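Letter by letter, the chains look like this.
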Amino acid sequence: MNRIPKWRVVACALAVMATLEICARVDDWLSFRAPLASRYGFELLYANDQLGRTGAPHAKFERFTLNSLGYLGPELRTGTIRIACIGASETFGTFNSEDKEYPRQLERLLNQAMETNSVQVVNASMPGNSLHNDLKRFPQLVDRVHPDIVVLYPSLAIFGWAVVEAKLQEQRKTRLQPAKTTGPPPRPSLARRVAGRLIRTPRAMIARVYVFLRYKLLAFSPTPPMLRLDRKSTDVWNRLEPRAVSALRFKASIRFEQWRTRTFFPHISDDAAPMFRKDLLAAIDVFESRGIRVVLASHANSITPSGDPFELLRWSTYYPYTNTAGLLELENRLNEVMAEVARERGALFIDTAHRIPKDPRLFGDFVHFNDEGAAVMAQLLAAELRPEIEKRLADRANR
Amino acid sequence: MLFNSREFVLFLPAVLAVYYLLPHRAQNRFLLAASIFFYASWDWRFLAPLLASTTIDYFCALKMESSILAGEAPARRKKFLVISLVTNLGLLGFFKYFDFFSGSMQSLLHGMGFHADLWTLRVILPVGISFYTFQALSYTIDVYRGEIHATPHFFDFLLCVIYFPHLVAGPIQRARSLLPQVVYPRKVTREQIFEGIHLILWGYFQKVVIADNLSRSTGWIFTDKAPDAFYVLFGTYAFAVQIFCDFSGYTDIARGVAKLMGFEFMLNFNLPYFAKNSQDFWRRWHISLSTWFRDYLYVPLGGNRSGAARVSFNLLITMTIAGLWHGAAWHFVLWGAYHGALLILHRAMNPLLSRIAPASAIGRAGWSAARILVMFHLTCYGWILFRAPSWPSIVALTRSLFHGFHVFQPEFAFWILVFSAPLVAIQMIQYFGGKLYFLDYSWIPAEARAMIYAVFFYLIVFRGGPPQAFIYFQF
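As the structure is a prediction and not an experimental result, all values here were calculated from the model. (Residues numbered from 1 in each chain as written. Chains lettered and ligands numbered in written order. Predicted model: local features only at pLDDT ≥ 70, side-chain atom pairs only at ≥ 80, totals over all residues.)

1. What about the overall build of chain A?
So, point 1. Helix and strand counts for chain A stand at 14 helices and nine strands.
So, point 2. Sorting the 399 residues of chain A into buried and exposed places 32% on the buried side.
So, point 3. The long-range fraction of contacts in chain A, counting pairs at least 24 apart against all pairs at least 6 apart in sequence, stands at 75%. (Helix = DSSP H or I, 4+ residues; strand = E, 2+ residues; numbered from the N terminus. Buried ≥ 20, exposed ≤ 12 C-beta atoms within 10 Å, placed from the backbone. Contact = placed C-beta atoms within 7 Å.)

2. Some remarks on the overall build of chain B
So, point 1. The helix and strand tally for chain B stands at 18 helices and zero strands.
So, point 2. Overall, the C-alpha framework of chain B stretches about 70 × 70 × 50 Å when taken along its three principal axes.
So, point 3. Evaluated residue by residue, chain B yields a buried proportion of 40% over its 475 residues.
So, point 4. Residue pairs at least 24 apart in sequence account for 74% of intrachain contacts in chain B once pairs closer than 6 positions are excluded.

3. Notes on the nonpolar core
So, point 1. Counting 120 residues, the largest nonpolar core has B:Met64, B:Cys160, B:Ile162, B:Phe205, B:Ile210 and B:Val241 as its most contacted members.
So, point 2. At 17 residues, the largest contribution of residues to this core is made by helix α10 (residues 229-260) of chain B.
So, point 3. Each of domain 1 (12-186) and domain 2 (196-474) of chain B gives at least three residues to this core.
So, point 4. Among the nonpolar cores identified, the runner-up in size contains 78 residues, and A:Ile83, A:Ala157, A:Ala374 and A:Ala378 belong to it. (Core = buried A, V, L, I, M, F, W, Y, C linked by C-beta atoms within 7 Å. Domains from an automatic or database assignment.)

4. Regarding the confidence of the model for chain A
So, point 1. Residues of chain A with pLDDT of at least 70 account for 89%, and the chain-wide mean is 84.
So, point 2. Between residues 220-224 of chain A, whose pLDDT stays under 50, and residues either more than four places distant or in other chains, the model counts six contacts. (pLDDT = per-residue confidence, 0-100.)

5. Considering the interface of chain A and chain B
So, point 1. Opposite the 14 residues of chain A that make contact, chain B presents 14 residues.
So, point 2. Of all the secondary-structure elements, those providing two or more residues to the side of chain A that touches chain B are α1 (6-32) and α8 (228-240) of chain A.
So, point 3. If you tally residues by element for the side of chain A that touches chain B, the top one is α1(A), at nine residues.
So, point 4. Class assignment for the residues of the side of chain A that touches chain B results in ten nonpolar, one polar and three charged. (Nonpolar A, V, L, I, M, F, W, Y, C, P; charged D, E, K, R; others polar.)

6. Some points on the domain arrangement of chain B
All names here are of chain B.
So, point 1. Segmentation of chain B into domains returns domain 1 (12-186) and domain 2 (196-474).
So, point 2. One C-alpha centre belongs to domain 1, the other to domain 2; they are set 27 Å apart.
So, point 3. Counting from both sides, the interface comprises 22 residues of domain 1 and, opposite them, 23 residues of domain 2.
So, point 4. Those elements that place two or more of their residues in the side of domain 1 that touches domain 2 are α1 (6-19), α4 (74-111), α5 (129-145), α7 (164-167) and α8 (175-183).
So, point 5. Counting residues per element, the side of domain 1 that touches domain 2 draws most heavily on α5, which supplies four residues.
So, point 6. In the side of domain 1 that touches domain 2, the residues fall into 13 nonpolar, seven polar and two charged.

7. Focus: unusual backbone geometry
Keep in mind that most residues, glycine aside, have a negative phi and that most peptide bonds are trans.
So, point 1. You will see that A:His58, though not glycine, has its phi angle at about 60°, which is positive.
So, point 2. Here A:His58 is to be found in the loop between β2 (52-55) and β3 (60-61).

8. A word on helix α11 (residues 309-316) of chain A
All names here are of chain A.
So, point 1. Turning to α11, its buried residues are Leu312, Trp315 and Ser316. In an axial view of α11, the angular spread of the buried residues amounts to 105°, which keeps them on one side of the axis.
So, point 2. For α11, the secondary structure elements touched by its buried residues are α9 (243-261) and α12 (324-345). (Arc of directions from axis to C-beta.)

9. Examining helix α10 (residues 272-288) of chain A
Since the α-helix packs 3.6 residues into each turn, any two residues three or four apart lie on the same face.
Residues and elements named next belong to chain A.
So, point 1. For α10, which comprises 17 residues, the first-to-last C-alpha distance of 24 Å matches the rise-based estimate of 24 Å (1.5 Å per residue) to within 8%.
So, point 2. Of the positions making up α10, those classed as buried are Ala272, Met275, Phe276, Asp279, Leu280, Ala283, Ile284 and Phe287. The arc enclosing the buried residues of α10, seen along the axis, measures out at 170°, which places them on a common side. (Expected span 1.5 Å × (residues − 1).)

10. Digging into the confidence of the model for chain B
So, point 1. For chain B, the average pLDDT comes to 87, and 94% of its residues sit at 70 or higher.
So, point 2. Listed scores for the predicted complex are pTM 0.80 and ipTM 0.76.

11. A short note on the sheet that holds strand β9 (residues 348-350) of chain A
Residue and element names in this part refer to chain A.
So, point 1. A sheet is described by the order of its strands in space; here five strands give the open sequence β6-β5-β7-β8-β9, paired in parallel fashion. Lying at the two open borders of the sheet, with one neighbouring strand each, are β6 (119-123) and β9. Mean inter-strand twist for the sheet, computed between neighbouring axes without regard to direction, equals 20°.
So, point 2. Examined bridge by bridge, strand β7 (residues 149-153) and strand β8 (residues 293-297) share four bridges and lie parallel to one another. The residue of β8 that forms the bridge with Leu152 is Leu296.
So, point 3. Sheet contacts for helix α14 (residues 371-398): β5 (81-87), β6, β7, β8 and β9; angle to β9, the most-contacted strand, approximately 155°. (Pairing = 2+ DSSP bridges. Axes fitted to C-alpha atoms, helices over the stretch in contact; angles between N-to-C directions.)

12. Looking at the packing of helix α14 (residues 330-356) of chain B against helix α15 (residues 361-387) of chain B
Residue and element names in this part refer to chain B.
So, point 1. Between α14 and α15, the shortest axis-to-axis distance is 8 Å and the interhelical angle comes to 160°. By the criterion of interaxial angle, the relationship of α14 to α15 is roughly antiparallel. Between α14 and α15 lies a crossing whose hand is right-handed. The residues of α15 that touch α14, namely those facing His331, Phe332, Leu334, Trp335, Tyr338, His339 and Leu342, are Leu378, Gly382, Leu385 and Phe386.
So, point 2. Classifying every residue of the contact of α14 with α15 by side-chain character gives eight nonpolar, three polar and no charged. (Parallel < 35°, antiparallel > 145°, perpendicular 65-115°, else oblique. Left-handed = near helix turned anticlockwise from the far one by under 90°.)

13. Considerations on the packing of α9(A) against α11(A)
Residue and element names in this part refer to chain A.
So, point 1. Their axes nearest at 9 Å, the elements α9 and α11 cross at an angle of 35°. The interaxial crossing formed by α9 with α11 has left-handed handedness. Across the interface between the two elements, Arg243, Ala247, Phe250 and Ile254 from α9 touch Phe310, Leu313, Arg314 and Ser316 from α11.
So, point 2. The residue makeup of the contact of α9 with α11, split by class, is five nonpolar, one polar and two charged.

14. Section: the pairing of β7(A)
So, point 1. In terms of residue burial, β7(A) counts as a mostly covered element, since five of its five residues are buried.
So, point 2. The alternating pattern of β7(A) places A:Ile149, A:Val151 and A:Tyr153 and A:Val150 and A:Leu152 on opposite faces, both of which are buried.

15. A look at the pairing of strand β1 (residues 46-49) of chain A
Residue and element names in this part refer to chain A.
So, point 1. One ladder, built from four bridges, connects β1 with β2; its direction is antiparallel. Opposite Ala47, over in β2, you have Thr54 as the bridge partner.
So, point 2. Hairpin remark: β1 followed by β2, antiparallel, with two residues in the connecting loop.

16. Quick look at the environment of B:Leu267
All names here are of chain B.
So, point 1. If you trace the backbone, Leu267 turns up in the loop between α10 and α11 (278-284).
So, point 2. Overall, Leu267 belongs to the partly exposed group, with 13 C-beta atoms counted inside 10 Å.
So, point 3. Remark: the alpha-carbon pair of Leu267 and Phe205, spanning 62 residues in sequence, is separated by 18 Å.

17. Observations regarding the environment of A:Asp134
Residues and elements named next belong to chain A.
So, point 1. Summarising the element assignment, Asp134 is placed in helix α4 (residues 131-134).
So, point 2. Separated by 83 residues in the primary sequence, Asp134 and Leu51 place their C-alpha atoms 8.7 Å from one another.
So, point 3. Dropping the residues within four chain positions of it, Asp134 is found in contact with Ile86 and Asn129.

What follows is the structure in structure tokens.
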């Protein structure tokens, strides 16, 4: 056989890459009627306004279609009792089939039970949203949706980010403020200064590059990656990657994040519970001041201390600032805070964390419900909300 | 470890990477270790029967060889052949057929009014036992016949039997073709690499894209409560394509993997649905098994050297046993007997068919097409016998098929046609182009071939059906 010219090899490689990309685009078009030429990714669902990140009106990505207000699901109907479900990816239904996320199932269950079509459940959640950041958006939500009932199902690990952010801001402030000392500080020795610079400068540089790549260039940049194949191949790699390799990768990313932020809580941070309590109270104030009934649902997960350590490790990558025991402690403590606040304020508390079995068959991963899990969650909420809805329907009928 | 598993996707590149770095003898030892790992990853306990039967075959073959060299009478070496046969068939019978015969005997006695509580051991079938038993048997029988020499190197023979690409579902390699490839140094040519990659991609495409997607349409058809004739007909077409793509896909992957290591495996499928009669079908379907039965059962029974009645008997016995080889169930026996009956019928009708064949070119083409179509439908009916789980379901499906069409569900037929279309198109190219390597045309530029492979690759990775175990693994 003759030698193959190098340009031919390069041409073949380019042809393969182009064909794969065209296949990915045609596949998206056939499956989701996605545009062939323009960008297509999860970030299409997000928009930014003066209050921060929110759902983009009329956005569509794969099975997710947002309405004109930027909420997942159909447009608002008039004359209905409205329930707004607020949370993060667990509520949004990242692991659910179309129309199988728990707010949608809850709506179906309630309407079936009432034998009417007078209940609408609005899925007012976005993946990655935390109660702390959503607080300033709640008045807008009330004005737009006019909910009768609000179900708060916050993602607790994501809430923990707010604690870390507060700690980092504190660190920055401390660095900027002059040290309160009576005399000039003692000058460290030359060797100490050089050593300190040698340690600090690379760390700061690496951290900056990392933040730029992860949060600016790749994730939320206005021009996200052009290749559709990139997204699809990541999904395939996640399926193919052996557990041992994934575990190593998770551990490395957790260590790196701890090293980058210089943040590690061996136990739950002292600030976490009071901060969460403050945010919950603020949220309840916003809703109750407008006559909206608040329902707090504790955060369910499939993890037990004796359960699958790999899943716990995977969960830790979402909140790498503590160890796995600390993560479970954070989860339990914040759920307790939710129960305490509900008791104090007379809000309805549904202890989903304990009432939904820690059965991996109900979860797509460690915290996200699959379709069966979402059905269990919806049944639990429906059973608790039904008397309230019946009362409101009766009031309306009397009026 | 299945070819369509995540583990194999990681295992194969690792094996190839090490394999290419080693010299010949070390390559053999490494392949042996990799093959043992491959088999043990399913269940290490079943290495014991595999190693035991291989060891006994090795010593029996050596004894027979020394008997031949010493010029002793065949009767002297026959006892070693008997030992090998008893060991191999005994293990196969124990693991595969003990519960079947015990259960059948129990049912028979129960039917006759006797109460008998016979043993059923619920033994788990070691994966690939039907395949490696036949591979090992072909070696000892060939040595007994003096057709090949016994190898003095145990590990070479062990590698022949246990070599992972063909270990669990064939093709059933004869020692006379595989042993020299193990013993002598192999050179991996660029043609072999291209052909190997072609076969692997085409094999995965058949399995993952066609067979697995079609499994959604066939799974619910073959039950006791047979659906309408429309579903039975299209479901059977779908199963015909599914079983071909499942098994042919496996074989192509096995042949492709072997080629990447410089081995050549025999062809196992040669466009079987283009067969014009049942004899032609068995020359094209599972060729390694049909030739095995021809050489080691049909010919020793007398083949077609005797009268018509004896030949019919030989055909019926051979095909019934071939049916039983597929699985320990009566519907497999029935399937084998059905094909035996088709072969007998074909022998009887062949003179008549030759006389009435048209003479003109167009007439001949039409006659061939009609025969292919008839044979395809006869084969499809055979698949009902093969796939139906019980006798009542065979009756129900057959009755439904002839009970008229009351339902028309275009979507059901559409998806079957969509997933069958690539196979039909490519087999047309293979059939009319006269070669199985369907991209081997000088007018197709390398870039275009690369693009076709890229489409295959994309569909395999992103558009495969729900993962299913290979159908022939259970045999």
